[in-house]
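Structural characterization, general
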Amino acid sequence: QVRLVESGGGLVQPGGSLRLSCAASGFTFRINDMAWYRQAPGKQRELVAGITSGGRTNYADSVKGRFTISRDNGKSTVYLQMNSLKADDTAVYYCKRRDNWGQGTQVTVSS
């Protein structure tokens, strides 16, 4: 069955960096579009970044220039490099493929 397993979250100071990973299995990764979403306490889940099977990317305005989504088809993994993190980036980050979701990884930005 489809599995999406996120990792790499944690506590980081404002201005710091984290790289999230999402290891995928149970489907042909290289032909699927992938995305990262996040959900902060009391807020709706929102799209952070997406990457097509061909490598085209799109980003939420709030993260443009700070976050980079990428994929490694050989490892069936999608990444989210997050730089210049802000307190507003605090959320649970989820990996998504079609209607499949991972369990999420917590990112907390705080001094």
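Residues numbered from 1 in each chain as written. Predicted model: local features only at pLDDT ≥ 70, side-chain atom pairs only at ≥ 80, totals over all residues. Heavy atoms only, no water.

Let's shift gears to the sheet that holds strand β8 (residues 77–82). One open sheet accounts for four strands, arranged β1-β3-β8-β7; its pairing is antiparallel. Both edges of this open sheet fall to β1 (3–7) and β7 (67–72), since each of them pairs with a single strand only. If you compare each strand with its neighbour and ignore which way they point, the axes differ by 15 degrees on average. Where β7 meets β8, six bridges bridge the pair, whose relative direction is antiparallel. (Pairing = 2+ DSSP bridges. Helix = DSSP H or I, 4+ residues; strand = E, 2+ residues; numbered from the N terminus. Axes fitted to C-alpha atoms, helices over the stretch in contact; angles between N-to-C directions.)

Attention now goes to the nonpolar core. One broad trend across soluble globular proteins is that nonpolar side chains are buried collectively. Counting residues in each nonpolar core, the largest one holds 27 residues, and the members touching the most others are W36, V78, L80, M82 and Y93. Elements supplying a minimum of two residues to this core: β3 (18–25), β4 (34–39), β5 (46–51), β7, β8, β9 (91–97) and β11 (105–109). The element that contributes the greatest number of residues to this core is β3, accounting for four residues. (Core = buried A, V, L, I, M, F, W, Y, C linked by side-chain atoms within 4.5 Å. Buried < 20%, exposed > 50% of the residue type's maximum accessible area, 1.4 Å probe, protein only.)

Applying the stated rule across the entire model yields four salt bridges. Ionic pairing is found between E46 and R38, a salt bridge with its closest N-O pair at 2.7 Å. By relative accessible area, which is 34% here, E46 ends up partly exposed. Overlapping salt bridges, with partners in common, bring together R38, E46, R66 and D89 in one network. (Salt bridge = Lys/Arg side-chain N within 4 Å of Asp/Glu carboxyl O.)

Position of P14 relative to the elements: it lies in the loop between β2 (10–12) and β3. Here P14 falls in the partly exposed class, since its relative accessible area comes to 46%. Here the alpha-carbon distance between P14 and Q44, two residues 30 residues apart in the chain, equals 23 Å. Apart from the residues lying within four places of it in its own chain, the contact partners of P14 are L85, V109, S110 and S111. (Contact = heavy atoms within 4.5 Å.)

A separate point is the state of the cysteines. Summed over the entire model, instances satisfying the criterion amount to one disulfide. The disulfide partner of C22 is C95, and the S-S distance across this bridge is 2.1 Å. Where C22 bonds to C95 through sulfur, the torsion about that S-S bond is close to -80 degrees, and the disulfide is left-handed. One end of the pair, C22, is in strand β3; the other, C95, is in strand β9, and 73 residues separate them in sequence. What makes C22 buried here is its relative accessible area of 0%. Given a relative accessible area of 0%, C95 falls into the buried group. (Disulfide = S-S within 2.5 Å.)

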